[in-house]
Amino acid sequence: MAMNWYKLNEPWDKTQYGPYKRCFFAVEFDSTAVGGVSGQTYDPTNHYTTRIDLSKVVNANLFDLWGITKVLAMQFSCGSSDAQAATSGGTSNDVGKFKASFVESGNYIKLIMCGPGSDNAAGGNDEGEMTNAANALTAVRLTGYLIGV
Amino acid sequence: MAATVAFRESTATLKKVMVGDRWHCWGKITFGASDTYATGGFDVRSQIKALYGVGDVECMDFSEGMADWSGATKILTAKCVARYDYSTGKIKLYLIGRSAAASGAAQVSEVEVGNGASINAGTLEFVATCSTSGSTT
């Protein structure tokens, strides 16, 4: 599992935000990249496992993209639904949307789902985290901005 | 796209705030009945400048995209996201997710919504970061 970060809003992809830098991004997920390196043989154990460290990238390093040394916060937009991915409850996500949250203390992000899944269970996927079972995450793409220094 | 791109200022008392030396403006965009998308996007700069009394529109952040089953190019169960292109001043829409339910193919990166896609069901909420130079206020 690895991530592919790239800039949005160029040339204003990085703006000063008080004493911090606000950096606009889009991020994709590569569930076939082994150890963060794309193009290697698919590893069925290399799925999402409750966290994706910021160091797991397949393109330019997240920090090098904007010349920052630490990420303090991230704001994600909701991504698309994806019926080939599911939460840990097993509900496929063909109705709800994926989003992510950043865990500053561990420098990683978590993938979570909002809204109902295929069973239309009310509240069943409220902040449900993506399962670590085999899932294709190639359709999941998120946009947002980070606050860094 | 059909002509109607309706901007609405935030209804809150606070519609814009100065952060550092830039304006941050909140609002949303709605579309007219039967509006469809034309590749290349739609221009927003002049409307934002007029509505908020700001200078150049530097960047925009959109909190949500939209889905729509109608039109020549269906967004289907997936979604499209909006991005502002500073070089042209236009907002363009890009597909994410899958082209159809579970069996659909994952969208590859940076595929623009096709000509004729129906967007009249959509609403785009935004925060625009704008300069003060050229401000009308």
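A quick note: this is a predicted structure, and the numbers were derived from the prediction, not measured.

Student: With reference to specific residues and values, describe the layout of surface pockets.
Tutor: Here the largest pocket is characterised by a volume of approximately 170 Å³. Leu8(A), Asn9(A), Glu10(A), Arg83(B), Tyr84(B), Asp85(B), Tyr86(B), Ser87(B), Lys92(B), Tyr94(B) and Glu110(B) together form the lining of the largest pocket. When residues of the lining of the largest pocket are traced back to their parent elements, those giving at least two are strand 6 (79-85) and strand 7 (90-96) of chain B. The greatest single-element share of the lining of the largest pocket, amounting to three residues, is contributed by strand 6 of chain B. Among the residues making up the lining of the largest pocket, the classes are represented as four nonpolar, two polar and five charged.

Student: Before we move on, can you summarise the side chain of Arg141(A) with the specific residues and values?
Tutor: Tracing the chain through its elements places Arg141(A) in strand 11 (residues 141-148). A residue is classified by how much of its surface remains accessible, and Arg141(A), at 4% relative accessible area, is buried. At 2.8 Å, the side chain of Arg141(A) forms a polar contact with the side chain of Glu28(A). A polar side-chain atom of Arg141(A) sits 3.3 Å from the main-chain carbonyl oxygen of Leu95(B).

What counts, and at which threshold
- Residues numbered from 1 in each chain as written.
- Chains lettered and ligands numbered in written order.
- Predicted model: local features only at pLDDT ≥ 70, side-chain atom pairs only at ≥ 80, totals over all residues.
- Heavy atoms only, no water.
- 1 Å grid on protein atoms, 1.4 Å probe; cavity = no way out; pocket = protein on both sides within 12 Å on 5 of 7 lines; lining within 4 Å.
- Points joined across faces, edges and corners; volume = space filled by probe spheres on them.
- Helix = DSSP H or I, 4+ residues; strand = E, 2+ residues; numbered from the N terminus.
- Nonpolar A, V, L, I, M, F, W, Y, C, P; charged D, E, K, R; others polar.
- Buried < 20%, exposed > 50% of the residue type's maximum accessible area, 1.4 Å probe, protein only.
- Polar contact = N/O pair within 3.5 Å; in protein donor to acceptor, adjacent residues only side chain to side chain.

It is worth stressing that arrangement in space is one thing and function is another; only the former is reported here.
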